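# Coordinates in review
One letter stands for each residue in the lines below.
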Amino acid sequence: MTSGTPEEEYAHSPFIRKQGNIYKPNNKEMENDSINEKTLHDVHTKEIDLVNRDPKHLNDDVVKVDFEDVIAEPAGTYSFDGVWKASFTTFTVTKYWCYRLLTAVVGIPLALIWGIFFAILSFIHIWAVVPCVKSYLIEIHCVSRVYSICVHTFCDPLFEAIGKCFSNVRVTATKVV
């Protein structure tokens, strides 16, 4: 049976799919399948970027206060260079370490509170809001069908009759001098 081309060798062999997984036919390649599964499983345990901590630019509009934004000496009114340097260092280091201390003390409890809040929000949205809206839309569809039938049955003939009554009415405006 090894008499020729690879196509002849596979002519009588069991079906082998060239692309995708036979159990997941929508996936194009086996390598992508394992990557997609890994991506799906790593949603909750993904690594975080310690360099770019605002990749979605959520805090671009937040006030970013530097020393030059708060303290500035106009021309002709300068303090000693040493005082200026010490003030800059004091401001920068104090802001840096106060922020770090506050995040260490308050950040973790707030992260816990925000995690609980968004979990509750997701739960309410998934298990209460969306089903209520879907139920409302289903019920209002039935009501709208009945309302439409009533309007077409009772109002349409009435308005057509009134329209025919007033269809011969002609209004003319004349200007009296």
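None of the values given here were measured: they were computed from a predicted structure.

## Remarks on the pattern of salt bridges
- Applying the stated criterion across every chain yields a total of one salt bridge.
- Of the charged contacts, one joins Lys-95 and Asp-66 as a salt bridge, the two residues approaching to 3.7 Å between their closest N and O atoms. One end of the pair, Lys-95, is in helix H4 (residues 81–166); the other, Asp-66, is in the loop between helix H2 (30–41) and helix H3 (67–70), with 29 residues separating them in the sequence.
- Judged by relative accessible area, which is 41%, Lys-95 ranks as partly exposed.
- With relative accessibility at 42%, the residue Asp-66 sits in the partly exposed group.

## Points about the UniProt feature "transmembrane region" (unreviewed entry) in the protein chain
- Per the UniProt record, the feature "transmembrane region" (unreviewed entry) sits at residues 101–128.
- Taken end to end, residues 101–128 has its terminal C-alpha atoms 39 Å apart, with 100% of it in helix and 0% in strand.

## Some points on the packing of aromatic side chains
- Counted according to the given criterion, the structure contains seven aromatic pairs.
- Between Phe-67 and Trp-84, the ring centres sit 5.0 Å apart and the planes meet at 70°, which makes this aromatic pair edge-to-face. You can see Phe-67 sitting in helix H3 and its partner Trp-84 sitting in helix H4, a full 17 residues away along the chain.
- Three or more aromatic residues joined by ring pairs make a cluster, and in this case those are Phe-67, Trp-84, Phe-88 and Phe-91.
- Positioned above the aromatic ring of Trp-97, the side-chain terminus of Arg-100 is 5.6 Å from the ring centre.

Scoring rules and cut-offs
- Residues numbered from 1 in each chain as written.
- Predicted model: local features only at pLDDT ≥ 70, side-chain atom pairs only at ≥ 80, totals over all residues.
- Heavy atoms only, no water.
- Salt bridge = Lys/Arg side-chain N within 4 Å of Asp/Glu carboxyl O.
- Helix = DSSP H or I, 4+ residues; strand = E, 2+ residues; numbered from the N terminus.
- Buried < 20%, exposed > 50% of the residue type's maximum accessible area, 1.4 Å probe, protein only.
- UniProt positions renumbered as here; feature names shortened; annotations may be inferred.
- Phe/Tyr/Trp six-rings, centres within 6.5 Å; stacked < 30°, edge-to-face > 60°.
- Lys NZ or Arg CZ within 6 Å of the ring centre and 35° of its normal.

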